[in-house]
Amino acid sequence: MARLRSAGAVTTEPDPRYGRRTLLSPPVEPSDRMKVVEAPLGPALAAATTDPDEALALLERLSSLLR
């Protein structure tokens, strides 16, 4: 997640209801790097799951594969 955050792919904030969780959201303005991958990644992720926890796991897996 740290790499996605530093790449400008996500923004994070503490979940006000659950102190141990972090809420993820897309940045207000996508980074240049995200503009390149956003088009094919968005629909693929939406087609894969609607569960936020599963989406996070998929993004973490993708991040590890891109290292």
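As shown above, the structure is provided for reference.
Residues numbered from 1 in each chain as written. Predicted model: local features only at pLDDT ≥ 70, side-chain atom pairs only at ≥ 80, totals over all residues. Heavy atoms only, no water.

Draft legend 1. Broad picture of the overall build of the chain. Broken down by element type, the chain carries three helices and two strands. Listed N to C, the secondary structure of the chain is α-β-β-α-α in terms of helices and strands. Per-residue burial over the chain gives 16% buried out of 67 residues. Excluding contacts between residues fewer than 6 apart, the proportion of contacts in the chain whose partners are at least 24 apart in sequence is 25%. Counting every atom, the chain has about 5300 Å² of accessible surface; 58% of that belongs to carbon and sulfur. (Helix = DSSP H or I, 4+ residues; strand = E, 2+ residues; numbered from the N terminus. Buried < 20%, exposed > 50% of the residue type's maximum accessible area, 1.4 Å probe, protein only. Contact = heavy atoms within 4.5 Å. Areas by Shrake-Rupley, 256 points an atom, 1.4 Å probe, with all protein chains shown as cover.)

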